[in-house]
Amino acid sequence: MAEAADIQGMKHSPARRWLGRTAAVAAGVPLLAGLLGGLAAPQASAAGSTASPVSEATTGAAKGSPASAAAEPSGPNTVSVALDTLAPSAPTKGDTLTISGTVTNKGKKAVTDAQVDLRVGPQLTGRTAIDDAVERSNDTTYDPLPVGGKYKVEFAKLDSGISYDFALSVPVSKLGLGADGVYQLGVTLTGRTAAEPYDHTLGVRRTFLPWQPDSVDKKTKFTYLWPLISTSHVSAETGSDDQQTPVFENDDLAEELAPGGRLEQLVSLGSQLPVTWVVDPDLLATVEAMTDPYRVREGKSTVAGKNQLVARTWLNALEKAVQDNPDIVALPFGDPDLASLAHGGENVSGTLGHLQSSSEVAGKTVETILHVPPATDFAWPADGAVDPSIVDVATSAGADKVISRSDSIQDNLPYTASAARPIGGGTTAVVSDTRLSTAFQGDVTKAGASTLAVQKFLAQTLAVNLQAPSKQRDIVVAPQRTPSASQAQSMARALQGLDGKRWTQPSDLVAAAAAKPDTNANTKVPGPTRYPDKLRDQELPASVFEELKGMGERLGKFKAILTLPDRVATPFANAVNRAVSTSWRGDAKGAEQYRDSVNRYLTSLASEVQLIQKSELTLSGRSATIPVTVQNQLLQGVDNLVLRLQSTNATRLKLDDGSAVAEQPIRVDGGHTQVVKFTGAANANGPVELTAQLYTTDNRPYGSPMTFQVRVSELTPTVMLVIAGGVLMLVLAGVKMYSQRKRAVAAKAAEDKAAADAAEQAGDDTGGGSADDGDSPGGGPDSGTDGGASPAPDTASAEPAAPPAEASATPSAARKTPGDLDGAGPGQPSDPAPDTRPESGDPSGKGEKVDR
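Cut-off values and rules
Residues numbered from 1 in each chain as written. Predicted model: local features only at pLDDT ≥ 70, side-chain atom pairs only at ≥ 80, totals over all residues. Heavy atoms only, no water. pLDDT = per-residue confidence, 0-100. Contact = heavy atoms within 4.5 Å. Helix = DSSP H or I, 4+ residues; strand = E, 2+ residues; numbered from the N terminus. Buried < 20%, exposed > 50% of the residue type's maximum accessible area, 1.4 Å probe, protein only. Patch = residues over 30% accessible without salt bridge, like charges linked within 9 Å, V, L, I, M, F, W, Y side chains within 5 Å. Areas by Shrake-Rupley, 256 points an atom, 1.4 Å probe, with all protein chains shown as cover. Salt bridge = Lys/Arg side-chain N within 4 Å of Asp/Glu carboxyl O. Pairing = 2+ DSSP bridges. Phe/Tyr/Trp six-rings, centres within 6.5 Å; stacked < 30°, edge-to-face > 60°. Axes fitted to C-alpha atoms, helices over the stretch in contact; angles between N-to-C directions.

(A) Spatial organisation of the confidence of the model for the protein chain. Chain-level statistics for the protein chain give a pLDDT mean of 82 and a share of 79% at 70 or above. Here residues 766-852 is a poorly scored stretch, pLDDT under 50, and it has 17 contacts once near neighbours within four places are set aside; other chains count.

Below, the structure is given as structure tokens:
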């Protein structure tokens, strides 16, 4: 990039004086080196001859190892010099420059006669010269002369591996600074070593000193973006309570919010600086959720979060900070990766719809939490890299301003142009400065690294102003999205160095985007081939957006059946936005795990509404009822569902109205089941497979189908007649048995009555005979043999008694009913015992008399 205008208006007297001195030194270097080399060689030999056995063994091993010899520090790398502080970072007339730091001997031998000096180099003409000076940081060939005098620090000896502190305080007037500009400032350590026993530079650290003691007429308008962005922490899962207690994937955010944490430092430092807040609304919503009870996932369960106070403290501090400085820009919710959406998701239907919704909710979220209306028409692609597709995606979500970077939209100008660039279609590219935006991306945890980064940043800002002093330009700085705490501290120190407002004046992003564009600046968006490969490798692939599309379709079906869909819609919509966040760049595994957790939870919720599997049914008859059970294990009711039952063989089994398919609407309260009954009509015997499936009202299947078999056993008219005849016979037989039993009971009663009457009559007869005195004719015992008249034979003895064998052989004969035996009833228990011996059942012998 040409910088011809960088040297305009510069005064060269200090540089010429410095060049004259260094030229003289350079001319004498070869001669001096030869002389010293001749002196050093014998001394080195003498030192080697007097080395101890241990040292000799060690050096002997090193002699045979070129790599070990190369590892030994030498020359300006022997001693490490660190500059911990440089104050003031941008001095004015009358100031005293104070520099402190440490020197550390990295060699194996002690350094003697060491001295720390401050050296002021020539004025650097232009921004490229500053970059080149960094590349030559260890070059001591043209070191300027030290300030000298009392402005030095001496050390008699620097032992190996030991760090020593130093501090130099030099009035600015002693530095020999000339015209306004950027000067290279060096701190060197000179001394002697055993191998090189003469004074020479053993360590050096260079930095930059911006010198602009008076205010300029045309100050650079300076906008610094202060990002409040974090990674995604909240899952899609919420509690079943009315508040829908959120579930966090982890509690790492508390560390960033706690005192000394990354986000705490950004708020506390930013509140004192003229910056434009750039906020991800998801971060605000997440912290606000932490101020109330929340849960944290721990294995397969969750535990109560314990950092409510930390969240409240941080949120209160931020709210106060933005009240004092209301310049705030809200990114789309979740900070979606615009480049990934453009390159991997643009052709996947529904993807850009998520971006639109995340943009719409952004402003409401920020204003609700911070009570300040933000600007919502800015888009910020990763590292400010753009191409036409990225711009199209950004504008499709409602943003008409895209924050880019000068290494993407490049200029071929001798100065740094203003940020605003009209790129067509009513869209403005706000081009941030690459050098300034990347100034603090390295490791600045050590004080020395931080000091160097701050001084370089201030030097670049002054160099921008000196490029075209007659032009007032708007410069924007867009640093890394998630600066660390140490990076934020370094950024704050750099901005504090501009407090004097001698060559810059604070501005904000909205004003910078609305500033009059430079007509000479480039307004052409680079083509896709110029998009950096490194950034493209970090993007989400198209397969991720296909996965999210399927998740969105399942979510749409699930929401459609719920009586309270908002309880599910909002958490999952936010989770989808988080799944495409720019923060996942460089963490592909973490992004995949987050998507998997969202997907699993959605699947588990949707499966809570299901059909209960049935076993095989058997239907007998022409028609029967077929029950199907729908279960809802959710805590809210489901509606807008239809249960459809289909017969695979309508000839054998038809449903409801005689077709192969029947359906009924479904509504089930939370935690309940519903049994849906269908009517089946059988036409033929055999098994029939039925399939039950839930559908949404727009005829989309919901859940998995449930298949079961029904075995049909149809009954023909003939079979029905046979069964009816058998039933009739059973009934008649029962009636007959009942009649017979009834007659038997009546006969028994009559028999008992007759026996009772006979017993009573027998009692009467016995009573008359006892009155006979035996005097009547024939009344004596011998009357039967004396020829007297015999009494009439007893009727009971007129017939011979039945043989006992017959009686025992035929038990029923002993229970004859009245009239079966000449009208004589069976004997009763009250009858007197017979006075004859048991009769034989054999035939009577010849001439044997048998009593009758």
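Right, picking up where we left off after that structure.
(B) Region of the structure containing unusual backbone geometry. The omega torsion of the bond from Ala-87 to Pro-88 falls at -10°, within 30 degrees of zero and hence cis. Along the chain, the position of Pro-88 falls in the loop between strand 1 (79-87) and strand 2 (96-105). Within the chain, Asn-699 stands out as a residue other than glycine whose phi angle is a positive 70°. Judged by relative accessible area, Asn-699 falls into the partly exposed class, the value being 47%.

(C) Region of interest: a nonpolar patch on the surface. Taken together, Val-727, Leu-728, Val-731, Leu-732 and Val-735 make up a surface patch of nonpolar side chains, about 450 Å² in accessible area. Checked against the element boundaries, Val-731 lands in helix 20 (residues 717-769). Owing to a relative accessible area of 46%, Val-731 belongs among the partly exposed residues under this scheme.

(D) Inspection of the environment of Val-134 at higher detail. Within the fold, Val-134 resides in helix 4 (residues 127-135). Taking the C-alpha atoms as reference points, Val-134 and Phe-208, 74 residues apart in sequence, are found 9.5 Å from one another. The residues touching Val-134, leaving out its near neighbours within four places in the chain, are Phe-208 and Lys-456.

(E) The arrangement of the pairing of strand 18 (residues 427-432) in detail. For strand 18, the buried fraction is high: six of the six residues fall into the buried class. Pairing of strand 16 (residues 401-405) with strand 18 involves five bridges; the strand directions are parallel. Of the residues in strand 18, the one forming a bridge with Ser-404 is Val-431. Both strand 17 (residues 420-424) and strand 18 contribute to a ladder of four bridges, which runs antiparallel. Bridging from a neighbouring strand, Arg-421 pairs with Ala-429 of strand 18. Between strand 17 and the antiparallel strand that follows it, strand 18, lie two residues; Gly-425 among them carries a positive phi value of about 70°.

(F) The pattern of salt bridges, seen in detail. According to the stated counting rule, one finds 24 salt bridges in the structure shown. In this structure, Arg-297 and Glu-249 form a salt bridge, with 3.3 Å as the shortest nitrogen-oxygen distance. Residue Arg-297 is located in strand 12 (residues 295-298), and its partner Glu-249 is located in the loop between strand 10 (246-248) and helix 5 (253-257); the two are separated by 48 residues in the primary sequence. Taking relative accessible area as the criterion, Glu-249 reaches 21% and is therefore assigned partly exposed. With its nearest N and O atoms 3.6 Å apart, the salt bridge here joins Arg-711 to Glu-616.

(G) Representation of the packing of aromatic side chains. In the structure shown here, the tally under the stated rule is nine aromatic pairs. Ring centres of Phe-222 and Tyr-224 lie 6.5 Å apart, and the angle between their planes is 35°; this geometry places the pair in the tilted category. With centroids separated by 5.8 Å and ring planes inclined at 15°, the aromatic side chains of Phe-572 and Tyr-601 adopt a geometry described as stacked. Residue Phe-572 is found in helix 18 (residues 566-579), and its partner Tyr-601 is found in helix 19 (residues 588-606); the two are separated by 29 residues along the sequence. By relative accessible area, which is 2% here, Phe-572 ends up buried.

(H) Spatial organisation of the sheet that holds strand 5 (residues 163-171). The strand order across the open sheet formed by three strands is 1-2-5, and the pairing between neighbours is antiparallel. Both outer strands of the open sheet, strand 1 and strand 5, are each paired with one neighbouring strand and no more. Here the strands of the sheet are splayed against their neighbours by 20° on average, with no regard to which way each runs. With eight bridges connecting them, strand 1 and strand 2 associate as antiparallel partners. Its bridge partner lying in strand 2, Leu-83 is registered against Gly-101.

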